[in-house]
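The lines below spell out each chain.
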Amino acid sequence: GAPVTFSCRKGTCQSCLMQVVSGDPGPEGQAHLSTKQRELGFFLPCCTTTPNKVVAKRPDWSLLTYQALVAEKAELAPGLIRLRLEPETDLPWHPGQTVGLFAPDGTRRSYSIASLSAEDYFLDLHIRHYPGGKVSDWVATQVKAGDFITLQGPSGAFIYDSDLAETPLTLIGTGSGQGAVLAIAREALAQGHRAGIHLVLGARQASGLYLADAARDLAARHPSL
């Protein structure tokens, strides 16, 4: 009966993240988490199937957060904003993983990474502006280049795996999700993916296909895409 926030129910968004006070949440509840998160006793109730006498509390985000410089803020399409970030901590990331972005009041939302750490200097987030949204409204109306913002992560396993090099891929992204799947395609190609890749980008209106030219340019250079 506790009012725990949740969304995806499969360990990707980490909205339901909790922290152990005592007991053992079992390996399933920590399988999607980083080594540091596991060491600190964090777990995902949505994936927990074998808990043993767990007493939990809401997570202490201060143990997992860091600052990032907003190097650039741009509107990529109507109502869709790109934040180009330089984290103060040197950390690896992969497109398709998510980071938690905190508004000044502590509200957290997860956004997919749309850049490659191996090729792109900045960590890019593509954020849909929902008027009245606690985080996206703050990003749209108050955040500016030169600000420092608070992040948590990256996390998640929706990333390219080099074991799939001989496996055809179909990557589908709509709205702000176009950024993540295009970046995953870029990472696959950079790692020498040998099978075909079908990339599908979707939007309600043609103006929302904000990465169509970039996708065509990538396909022109890689016949397998």
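Structure's up top.
Report follows, based on the coordinates. Owing to the predicted nature of the structure, the values given are computational and were not obtained by experimental measurement.

### Remarks on unusual backbone geometry
- Omega for the bond connecting glycine 153 with proline 154 falls within 30 degrees of zero, at 5°, which places this linkage in the cis form.
- Tracing the backbone shows proline 154 in strand 9 (residues 148-155).
- With a phi close to 65°, arginine 9 is a non-glycine residue in the positive phi region.
- Residue arginine 9 is classed as exposed on the basis of its relative accessible area, which comes to 62%.
- Residue lysine 53 is not a glycine yet carries a positive backbone phi of 55°.
- Residue placement: lysine 53 occurs in strand 3 (residues 52-57).

### Let's talk about the pattern of salt bridges
- The full count for this structure, using the stated rule, is seven salt bridges.
- A salt bridge links glutamate 166 to arginine 194; the nearest nitrogen and oxygen atoms lie 2.4 Å apart. Taken as a pair, glutamate 166 in the loop between strand 9 and strand 10 (169-174) and arginine 194 in the loop between helix 3 (177-190) and strand 11 (197-202) lie far apart in primary sequence, 28 residues in all. Both residues of the pair, glutamate 166 and arginine 194, belong to the exposed class.
- We note a salt bridge from arginine 216 to aspartate 213, for which the minimum N-O separation is 3.1 Å. With arginine 216 and aspartate 213 both in helix 4 (residues 212-221) and three residues apart, this pair spans about one turn of that helix.
- What makes arginine 216 exposed here is its relative accessible area of 55%.
- A single salt-bridge network, built from bridges that share partners, covers Glu119, Asp120 and Arg186.

### With respect to the state of the cysteines
- Applying the stated criterion across every chain yields a total of zero disulfides.
- Distance from the sulfur of cysteine 46, which forms no disulfide, to the nearest cysteine sulfur (cysteine 47) is 3.6 Å.
- Using a relative accessible area of 31% as the deciding quantity, one classes cysteine 46 as partly exposed.

### Examining the sheet that holds strand 2 (residues 42-43)
- Read from one edge of the open sheet, three strands run 2-1-3, paired in antiparallel fashion. Here the strands that pair on one side only, and so sit at the sheet edges, are strand 2 and strand 3.
- With four bridges connecting them, strand 1 (residues 18-24) and strand 3 associate as antiparallel partners. The partner of valine 20 across the bridge, within strand 3, is alanine 56.

Cut-offs and rules
- Residues numbered from 1 in each chain as written.
- Predicted model: local features only at pLDDT ≥ 70, side-chain atom pairs only at ≥ 80, totals over all residues.
- Heavy atoms only, no water.
- Helix = DSSP H or I, 4+ residues; strand = E, 2+ residues; numbered from the N terminus.
- Buried < 20%, exposed > 50% of the residue type's maximum accessible area, 1.4 Å probe, protein only.
- Salt bridge = Lys/Arg side-chain N within 4 Å of Asp/Glu carboxyl O.
- Disulfide = S-S within 2.5 Å.
- Pairing = 2+ DSSP bridges.

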